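Survey of secondary and tertiary structure
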Amino acid sequence: MSTLHALTVPKWGMSMEEGEITEWRVAVGDTIAVGDELVDIETSKIVNAAQSPVAGTLVRIVGEVGQTLKVGMLLGVVATAATDAAAIDAFIAGFVPDATGAARARGSGAPAAAAASAPAPQAAPAAAPAQTTTAGDLSAGPDDSAVHASAVARRIARAHHINLHNVTPTGRNGRVSKRDVELAGGFRIDAGPVAGESSTGQPRRSTADDSQIPSTPVARRLARSLNINLNDVVPTGRRGRVSKEDVEKAAVAATGVAYYREQKLSGMRKTIAARLSESKQTIPHYRVSVDIEIDSLLQQRAYMNEALGHRISVNDFVIKACAGALQRVPEVNVQYTPDCLRQFDQADISIAVAVKGGLVTPVIRNAGAMSLPQIAEESRVLAARAQSGALSVDEYQGGTFSISNLGMFGVDQFDAIINLPQSAILAVGAGVKKPVVRGDAMVAATVMRVTLSADHRAIDGAVAARFLQALKGFLENPASMLL
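Only a predicted model underlies this, so the values are computations on that prediction, with no experimental measurement involved. Within any chain, residue numbers begin from 1 and follow the written order of that chain's sequence. The predicted nature of this model means local features are confined to residues of pLDDT at least 70 and side-chain atom pairs, given and counted, to a pLDDT of 80 or more, with totals for whole chains, interfaces and linings taken over all residues. Just so you know, side-chain values use all the structure's heavy atoms and leave hydrogens and water out.

**What about the overall build of the protein?**
- Only runs of H or I of at least four residues qualify as helices and only runs of E of at least two qualify as strands under DSSP, and these elements are numbered from the N terminus. Helix and strand content of the protein: 12 helices and 18 strands.
- The cut-offs for exposure are 20% and 50% of the maximum accessible area for each residue type, with area from a 1.4 Å probe on protein chains only; residues under the lower value are buried, those over the upper are exposed, and the others partly exposed. Expressed as a percentage of the 483 residues in the protein, the buried residues total 42%.
- Here the protein displays about 24,900 Å² of accessible surface, and carbon together with sulfur accounts for 53% of that area. Each accessible area is a Shrake-Rupley result for a 1.4 Å probe, and residues are judged covered by the shown protein chains and nothing else.

**Digging into the packing of helix α9 (residues 314–328) against helix α12 (residues 461–476)**
- Fitting a line to C-alpha atoms yields each axis, with helices limited to the stretch in contact; the angle taken between N-to-C directions then spans 0 to 180 degrees. Where α9 contacts α12, the axes come no closer than 8 Å and their chain directions differ by 135 degrees. Regarding the angle of α9 to α12, the classification is oblique. Crossing of α9 against α12: the hand is right-handed. Of the residues in α12, those in contact with Phe-317, Val-318, Ala-321, Cys-322, Gly-324, Ala-325, Leu-326 and Arg-328 of α9 are Phe-467, Ala-470, Leu-471, Phe-474 and Leu-475.
- The class makeup of the residues in the contact of α9 with α12 is 11 nonpolar, 1 polar and 1 charged. Orientation labels follow simple angle bins: below 35 degrees gives roughly parallel, above 145 gives roughly antiparallel, 65 to 115 gives roughly perpendicular, and whatever is left gives oblique. In this scheme the crossing of two helices becomes right-handed for a clockwise turn of the near helix relative to the far one and left-handed for an anticlockwise turn of less than a right angle. The contact rule is simple, with two residues in contact once any of their heavy atoms fall within 4.5 Å. Three residue categories are used. Nonpolar comprises Ala, Val, Leu, Ile, Met, Phe, Trp, Tyr, Cys and Pro, charged comprises Asp, Glu, Lys and Arg, and polar comprises the others, including Gly.

**Here we look at the nonpolar core**
- Buried Ala, Val, Leu, Ile, Met, Phe, Trp, Tyr and Cys residues that are joined via side-chain atoms within 4.5 Å together make up what is termed a nonpolar core. Formed by 76 residues in total, the largest nonpolar core has its most connected members in Phe-401, Leu-426, Ile-459, Phe-467 and Leu-471.
- The contacts of Phe-467, once residues within four sequence positions are left out, are Cys-322, Ala-325, Leu-326, Val-329, Val-332, Phe-401 and Leu-452.

**Overview of the packing of α9 against helix α10 (residues 372–387)**
- At a minimum axis distance of 9 Å, the contact between α9 and α10 shows a crossing angle of 115 degrees. Crossing handedness for the pair α9 and α10: right-handed. Mapping the contact onto sequence places Asp-316, Phe-317, Ile-319 and Lys-320 in α9 and Leu-372, Ile-375, Ala-376 and Ser-379 in α10.
- Split into classes, the residues belonging to the contact of α9 with α10 amount to 5 nonpolar, 1 polar and 2 charged.

**A closer look at the sheet that holds strand β4 (residues 37–42)**
- Read from one edge to the other, the open sheet built from 4 strands follows the order β5-β4-β2-β7, with strand pairing classed as antiparallel. The open sheet has two edge strands, β5 (47–51) and β7 (68–70), and neither has a second partner. With strand direction ignored, the average angle separating the axes of adjacent strands in the sheet is 45 degrees.
- Strand direction decides the pairing type here: strand β2 (residues 18–24) and β7, joined by 3 bridges, are antiparallel. The residue bridging Glu-18 from the neighbouring strand is Lys-70, located in β7. Each pair of strands is called paired provided DSSP finds at least two bridges between the two strands.

**Quick notes on the environment of Glu-278**
- On the secondary structure map, Glu-278 appears in helix α7 (residues 267–282).
- Each C-alpha atom of the pair Glu-278 and Asn-419 lies 10.0 Å from the other, and the pair is 141 residues apart in sequence.
- Dropping the residues within four chain positions of it, Glu-278 is found in contact with Ile-283 and Leu-420.

**Here's the deal with helix α4 (residues 178–185)**
- Along α4, the residues classified as buried are Lys-178, Asp-180, Val-181 and Glu-182.
- Gly-186, located one to two residues past α4, shows a positive phi value of around 70 degrees.

**Quick look at the sheet that holds strand β1 (residues 4–8)**
- Pairing is antiparallel across the open sheet formed by 4 strands, whose spatial order is β1-β8-β6-β3. Two strands lie at the open edges of the sheet, namely β1 and β3 (31–32), each paired on one side alone.
- Here 5 bridges tie β1 to strand β8 (residues 74–79), and the two strands are oriented antiparallel to one another. Note that in β8 the partner of Leu-4 across the bridge is Ala-79.

**A look at the confidence of the model for the protein**
- For the protein, mean pLDDT is 84; residues scoring 70 or higher make up 86% of the total.
- Across residues 102–135 the pLDDT falls below 50, and counting only partners more than four positions away or on other chains, this stretch makes 53 contacts in the model.
- pLDDT under 50 marks residues 191–202. Its contacts with residues more than four places away, or in other chains, come to 15 contacts. A residue's pLDDT is simply how confident the predictor is in it, with values from 0 to 100.

**A word on the pattern of salt bridges**
- Take a side-chain nitrogen of Lys or Arg and a carboxyl oxygen of Asp or Glu: if they are within 4 Å of each other, that pair is a salt bridge. Applying the stated criterion to the full structure yields 15 salt bridges.
- Overlapping salt bridges bring together Arg-25, Glu-37 and Asp-40 as one network.

**Digging into the pairing of β8**
- Across the 6 residues of β8, 6 count as buried, placing the element largely inside the fold.
- Here strand β6 (residues 56–61) runs beside β8; their pairing, made up of 4 bridges, is antiparallel. Residue pairing across strands places Arg-60 opposite Val-77, the latter belonging to β8.

**Section: unusual backbone geometry**
- Here the residue pair Leu-420 and Pro-421 is connected by a cis peptide bond, since its omega of 0 degrees sits within 30 degrees of zero.
- With respect to the element layout, Pro-421 can be found in the loop between β16 (401–405) and β17 (424–438).
- Of note, the phi angle at Asn-227 is positive, near 60 degrees, even though the residue is not glycine.
- Considering the arrangement of structural elements, one finds Asn-227 in the loop between α5 (217–225) and α6 (244–255).

The structure is reproduced here in structure tokens:
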């Protein structure tokens with residue numbers, strides 16, 4: 001007898017609600033053991049591998065690559081022995097998702113043959129009604145990527161939100177033409193018959209062979225994809241060659257739509273957009289800045305790295321200084337809720353790390369209790385894990401304060417958006433040589449500007465100023481951080 005088990009979307013962290021399937025590591029028919037990594041799922045910030053809680057054979061994949069599924073929804077089915085398709089179909093039809101994600105597998109509780117005839121505990125959800133197109137709604141309809149259309153027509157349709165299924169094709173071989181899209185949308189890209197236009201109002205296109213036109217390989221490939229004849233392109237490249245930019249200009253002249261490419265938003269980018277929009281809309285941000293002279297810090301860093309063999313960055317000093325300033329001014333180490341302020345005794349500092357496709361904020365726990373070398377090592381490890389997508393949920397959630405440093409990119413000053421649910425974030429600029437006044441003399445100094453963005457519901461301006469004073473004291477006197 002065979003028992004069927006459901007593989008479901010696990011819940012990694014309290015805030016996780018859904019995940020996008022990025023890759024299946026096993027195929028139907030594979031034998032799997034408990035703990036085997038089965039499928040990669042991208043959540044709001046990272047990609048995790050869902051592990052199998054049972055042993056058996058993968059008999060059905062339900063969640064396809066590219067799908068976004070809620071926690072507890074069905075990913076696949078595992079059988080402990082041979083079973084038939086009817087039993088698997090009945091098991092899937094009767095599956096009820098667990099929104100808590102508490103269970104990653106569910107036994108059928110009966111032999112597979114009995115499961116096929118057992119009544120389903122819940123009817124399968126009805127299929128969504130097919131979209132219908134109403135007058136004036138040219139965007140509605142199924143995916144039109146397979147519709148036979150010219151490259152120009154497709155670009156114009158996309159720019160004007162027209163589904164190509166709603167366009168009557170009149171072009172050669174049943175293709176949708178540029179003019180077909182214009183007629184469907186009730187507009188004209190070109191103003192009217194002018195010199196260089198055909199009697200139909202469309203620009204005259206050269207039909208001469210363009211294979212001998214001097215052009216870059218990139219320009220030729222682009223022209224071919226956009227249905228642009230190189231005889232119609234004005235060359236501005238070196239030695240009279242047609243460049244990629246020349247082809248793009250010709251495409252704009254022909255269609256009125258700039259050339260562009262579309263890239264599907266990743267789960268990370270969607271989450272970043274949603275969280276930053278929420279932060280900007282709901283938190284009354286205000287900002288305070290201060291200039292900090294860091295020549296002593298740079299000397300201390302050089303000594304520790306060269307003489308003592310450490311690998312400490314300027315940002316490591318900033319992390320340590322922020323931890324000290326949060327201990328001096330604990331009113332900044334808070335979170336606002338509608339009913340209370342949460343006051344944290346420990347400085348858990350989130351550091352912004354740029355990764356492919358977005359940004360993650362791994363957390364250095366209890367930074368105030370760590371030495372500079374310890375902070376440097378922890379920063380390197382977390383940054384490397386962030387770059388490889390290997391951070392666990394507890395490594396990037398739960399910080400109490402954030403630091404975003406763009407100084408290494410030469411940025412002098414910027415404003416950062418608060419990282420919900422925190423109440424403050426420090427933006428760190430580059431150290432720049434500037435003239436400063438000391439006594440009656442003008443001298444050169446390396447000055448770094450930092451800007452604190454704070455939630456005015458939780459942190460008053462005077463409190464933010466005291467925090468920056470404490471931070472400035474630590475950074476301008478780095479030996480105080482070695483005690």
